[in-house]
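# Commentary on secondary and tertiary structure
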Amino acid sequence: MDVRLPALSPTMEVGTLARWLVKPGDRVRSGQPIAEVETDKATIELEAEADGVVEALLVPEGTEGLPVGTVIARLAGVDDGFAPAPSAAPGVAARAAPATAQPVPPRAAEGPGPTRRQSVREALRDAMAEEMRRDERVFVMGEEVAHYQGAYKVTQGLLAEFGEKRVVDTPITEYGFAGLGVGAAFGGLRPIVEFMTMNFAMQAIDHIVNSAAKTRYMSGGQLACPIVFRGPNGAAARVAAQHSQNFAAWYAHVPGLVVIAPYDAADAKGLLKAAIRSDDPVVFLENELLYGRTFEVPQGEHLVPIGRARIHRPGHDVTLVSYSIGVDVALEAADALAADGISAEVLDLRTLRPLDEAAILESLARTHRMVVVEEGWPRCSVAAEVMAVAMEKGFDELDAPVRRVTDADVPLPYAANLERAALVKPADVVAAVKAIL
Amino acid sequence: MARTGSAGRVRQAATPAEPGRLDAVPEPERYVPTAQEYRAFYRLMLLIRRFEEKAGQLYGMGFIGGFCHLYIGQEAVVTGLQAALRPGLDSVVTGYRDHGHLLACGVPAHAVMAELTGRAAGVAKGKGGSMHMFSVPHRFYGGHGIVGAQVPIGAGLAFAHKYREDGGLALVYFGDGAANQGQVYETFNMAELWKLPVVFVIENNQYAMGTSVNRASAEDQLYRRGESFRIEGLQVDGMDVLAVRGAATVATDWVRSGRGPILLEMKTYRYRGHSMSDPAKYRSREEVSAVREHQDPIDRAARELVELGFATEDELKAIDREVRAEVAAAADFAEQAPEPDLAELFTDVTASGTPWT
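Residues numbered from 1 in each chain as written. Chains lettered and ligands numbered in written order. Predicted model: local features only at pLDDT ≥ 70, side-chain atom pairs only at ≥ 80, totals over all residues. Heavy atoms only, no water.

## Structural notes on the interface of chain B and chain A
Counting residues at the interface gives 41 residues for chain B, matched by 48 residues for chain A. In this assembly, chain B and chain A are joined by 1 salt bridge. Where Lys165(A) meets Glu165(B), a salt bridge forms, and the shortest distance between an N and an O atom there is 3.9 Å. Put simply, chain B and chain A have 17 residue pairs in polar contact (both at pLDDT 80 or more) between them. Elements with a minimum of two residues in the side of chain B that touches chain A: α6 (150–164) and α7 (182–193) of chain B. Tallying contributions element by element places α6(B) first for the side of chain B that touches chain A, with 9 residues. Per-class residue counts for the side of chain B that touches chain A are 23 nonpolar, 11 polar and 7 charged. (Contact = heavy atoms within 4.5 Å. Salt bridge = Lys/Arg side-chain N within 4 Å of Asp/Glu carboxyl O. Polar contact = N/O pair within 3.5 Å; in protein donor to acceptor, adjacent residues only side chain to side chain. Helix = DSSP H or I, 4+ residues; strand = E, 2+ residues; numbered from the N terminus. Nonpolar A, V, L, I, M, F, W, Y, C, P; charged D, E, K, R; others polar.)

## With respect to the pairing of strand β8 (residues 262–267) of chain B
Residue and element names in this part refer to chain B. Counting buried residues along β8, 5 of its 6 residues qualify, which places the element largely inside the surrounding structure. Bridge count between strand β4 (residues 198–204) and β8: 6 bridges; the pairing is parallel. Looking at the pairing, Asn204 lines up with Lys267 of β8. Bridge count for strand β7 (residues 233–237) against β8 is 5 bridges, and the pairing is parallel. Within β8, the position partnered with Asp237 by the bridge is Lys267. Considered for its hand, the β-α-β crossover made up of β7, helix α9 (residues 241–256) and β8 is right-handed. (Buried < 20%, exposed > 50% of the residue type's maximum accessible area, 1.4 Å probe, protein only. Pairing = 2+ DSSP bridges. Right-handed = clockwise from strand over helix to strand, strands pointing away.)

## A word on unusual backbone geometry
A cis amide bond links Arg353(A) to the next residue, Pro354(A), at an omega of 0°. Within the fold, Pro354(A) resides in the loop between β20 (351–353) and α9 (357–367). Across the junction of Gly142(B) and Gly143(B), the peptide omega takes the value 25°, indicating a cis bond. Checked against the element boundaries, Gly143(B) lands in strand β2 (residues 140–143). Positive phi, close to 55°, is recorded for Met209(B), a residue that is not glycine. Within the secondary structure layout, Met209(B) lies in the loop between β5 (207–208) and β6 (211–212). The exposure class assigned to Met209(B) is exposed, which follows from its relative accessible area of 53%.

## Overview of the sheet that holds strand β1 (residues 2–4) of chain A
Residue and element names in this part refer to chain A. Strand order in the open sheet formed by 4 strands is β1-β8-β6-β3, with antiparallel pairing between adjacent strands. Of all strands in the sheet, those bounded by a partner on one side alone are β1 and β3 (27–28). Summarising the sheet, β3 and strand β6 (residues 52–57) pair through 2 bridges and their orientation is antiparallel. Residue pairing across strands places Val28 opposite Gly52, the latter belonging to β6.

## Observations concerning the pattern of salt bridges
All names here are of chain A. Tallying each qualifying case throughout the model produces 54 salt bridges over all chains. The shortest N-O distance in the salt bridge between Asp126 and Arg116 comes to 3.4 Å. Taken together, the residues span a long stretch of sequence, with Asp126 in helix α1 (residues 120–134) and Arg116 in strand β9 (residues 115–119) at a distance of 10 residues. Linked by salt bridges that have partners in common, Glu130, Glu131, Arg134, Lys269, Lys273, Arg277 and Glu301 make up one network.

## Re the packing of aromatic side chains
Aromatic rings in a pair are described by how distant their centres are and how their planes are angled relative to each other. By the definition in use, this model includes 17 aromatic pairs over all chains. Here the aromatic rings of Phe188(B) and Phe229(B) are separated by 6.0 Å at their centres, their planes lie at 75°, and the arrangement is edge-to-face. With Phe188(B) in helix α7 and Phe229(B) in the loop between α8 (213–216) and β7, this pair connects stretches of sequence that are 41 residues apart. Comparing Phe188(B) with Phe229(B) shows no difference in burial state: the two are buried. One aromatic cluster in this structure is built from Phe139(A), Phe159(B), Tyr163(B) and Trp194(B). Between the NZ or CZ atom of Arg238(A) and the centre of the ring of Tyr414(A), over which it lies, the distance is 4.2 Å. In this arrangement the basic side chain of Arg245(B) is found over the ring face of Tyr31(B), its NZ or CZ atom lying 4.4 Å from the centre. (Phe/Tyr/Trp six-rings, centres within 6.5 Å; stacked < 30°, edge-to-face > 60°. Lys NZ or Arg CZ within 6 Å of the ring centre and 35° of its normal.)

## Focus on the confidence of the model for chain A
Across chain A, the average pLDDT comes to 91, with 92% of residues at or above 70. Confidence over residues 80–109 of chain A falls short of pLDDT 50; this stretch has 42 contacts with residues more than four positions distant or in other chains. (pLDDT = per-residue confidence, 0-100.)

## Points about helix α12 (residues 313–336) of chain B
Residues and elements named next belong to chain B. Across its 24 residues, α12 extends 34 Å between first and last C-alpha, which sits within 8% of the 34 Å expected from 1.5 Å per residue. Every buried residue of α12 is listed here: Leu316, Ile319, Asp320, Val323, Val327, Ala330, Ala331 and Ala334. Each element contacted by the buried residues of α12 is listed here: α2 (35–60), α5 (109–116) and α11 (297–307). (Expected span 1.5 Å × (residues − 1).)

## Section: the nonpolar core
If you look at the biggest cluster of nonpolar residues, it comprises 85 residues, and the most contacted ones within it are Phe195(A), Phe229(A), Phe159(B), Phe174(B) and Phe200(B). In terms of residue count, α6(B) provides more of this core than any other element does, 8 residues in total. Not counting the four nearest positions on each side in its chain, Phe200(B) is found in contact with Val151(B), Val172(B), Phe174(B), Thr187(B), Phe188(B), Ala191(B), Ile231(B), Pro261(B), Ile262(B), Leu263(B) and Leu264(B). (Core = buried A, V, L, I, M, F, W, Y, C linked by side-chain atoms within 4.5 Å.)

## Structural notes on the state of the cysteines
Summed over all chains, the structure comprises 0 disulfides over all chains. Between Cys225(A), a free cysteine, and Cys105(B), which holds the nearest cysteine sulfur, the sulfur-to-sulfur gap is 20 Å. (Disulfide = S-S within 2.5 Å.)

## Topic: the environment of Ala301(B)
Residue and element names in this part refer to chain B. Residue placement: Ala301 occurs in helix α11. The spacing of Ala301 and Ala76 is 225 residues in sequence and 9.5 Å in space, taken between C-alpha atoms. Ignoring sequence-local partners within four residues, the contact set of Ala301 consists of Tyr38, Tyr42 and Met45.

Below, the structure written as structure tokens:
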């Protein structure tokens, strides 16, 4: 029987076969670990699903980038003897990895200088580690951040370097540890509070808004709250309504907060470092689907200023404004539009509060048309805010109404086809652009 | 049946004799003050009382707006506890009934009163108001308007003391109403787990707004609320400043010795309504006047000062005159001080001072 590489997390598309725990000819029992597989989140032992004898190991140890579904070994059933000899090359499962699993071509990172390829996850980890080395007051707390190495492996390795004092596993008590983090910031520390996902920060939003965001003002400027609340935000993959919401607009609504939502690894690193150094409370919205994506990241000290949008791709017929994973959709749409001879500029907001209105208006003044792309609900969204800016301050530059392309206005469904239908996609952006040209 | 049995087990498990448990908190003794200390306690309690009476008057005259929660009746709690702190080191945080706490931390009466009237000279530049006052130089971290929010914040202040190894502790005040908030128990769990240097003080004034403790709390002996987190609790007569001061010694010694948090339930009483707009129909006039006549912390201190020979009646009257003059001056100041400049609307929103939109 074939042993295929299983999906070991909702977002896993490829894995690494770290180590075989058995060799050909070994008898294995159902439930016995046969291999160690490294996923996008953790190293997991793969267990035999049935009793049998190891007939062949088809993938060498250390093989990276194995698509889910790859046949990695063959077991012969105990009773039916050895199966026929394996045919040619190991087959890949019918379920091919989606296009997003392929490395994207490198795009120009900010500024010249040497770069190296890094995942968003590694860039975030490096940002925290560098800032923790730089400033003794910086510590990270949250669920599974220390011994488990991070529920999404973002804090991997931090415990080993910084110890339990500065890498603090919390109980599952978001309201409590968010408030405790705020108190620690009042007390002179610079906490990084990780929420396993921003969905769970709903339990803590009182402290983010009432305690962190408002205190500087309420205290007449006496008491700062330098804290970073970070975690994955927005839809992941097939985790359905309660685990798939974009909260950007909620936080971007609140005076006193800084809200950042980067797309690529260079911005993730440079902006997280800036967030940790900020004297304001920062809500730092990551995206689970982007964690494993790799990009060029400048080597050495790399800081990105808060509050500045970035043109990812210059163009002159239309501006596509987006942030976080929406940028991915916009870039793909821009590629498709280019094939039709339409030149789209892609503007990545990167910071949602303060919003870089000047960048939005400058781009609009060049292209005179705008479509806002957002992986999130349409009502009272960041897209709605960008449209308001274009209307209030860029009206004379507009040659057509601004459009928004967002997720459907429904709780995110579980069924694969419904989920695909609900999420924002490049084809919708292309259609919106063509409608206003 | 099962319910009784399980409740029985819970009680048993909480006894100090349980193996592996830290030694029990020593029984607090009533504090033995010097004449100077007792007179200072008396003066501070009186200052808080007269200040709050004046705040009530100014509210009635329209100088103070919004919500205004008076501390009258509870003065012994903050007076006895603050006296055990090391000023400039230990941190203090409370809820919205905070005027007395600011005064006890040493914030000048005129700065507190000017905050109540929304003036630029207020302790928070007039931007916080009654419920949201802060004084970082006094290590007073609010003044929080959301019931129970100060509890994890206080544990965070304690976390910072432990992290910095500065030997400080955090004193966290909350009411019997806040004691039912879920975040309090999330905090208890972390505070004991991480042995944070924090004294939790429940100011049990018997009424959460209009709902009495017994109508809102399955366990109305609030000092026991830390049991399932292994947090020792003490119940204290919060109407006796020396009892409070004695318990404060036990609690701060416990916490400073690195044994983690402790919980104090201060049995106290507020004479006035929950806020200025509270008609207080949920209790009888007789109940209030009985406490005032028989348990008033200031009257008790006055009697004892004379009995102990620490002060004469005339000296107490002189203190009263002095306090009244201080409060009157604070009120005059707060009425006459200018409102904040309109440009202040857009300051202090962020570190850069920019009013980001």
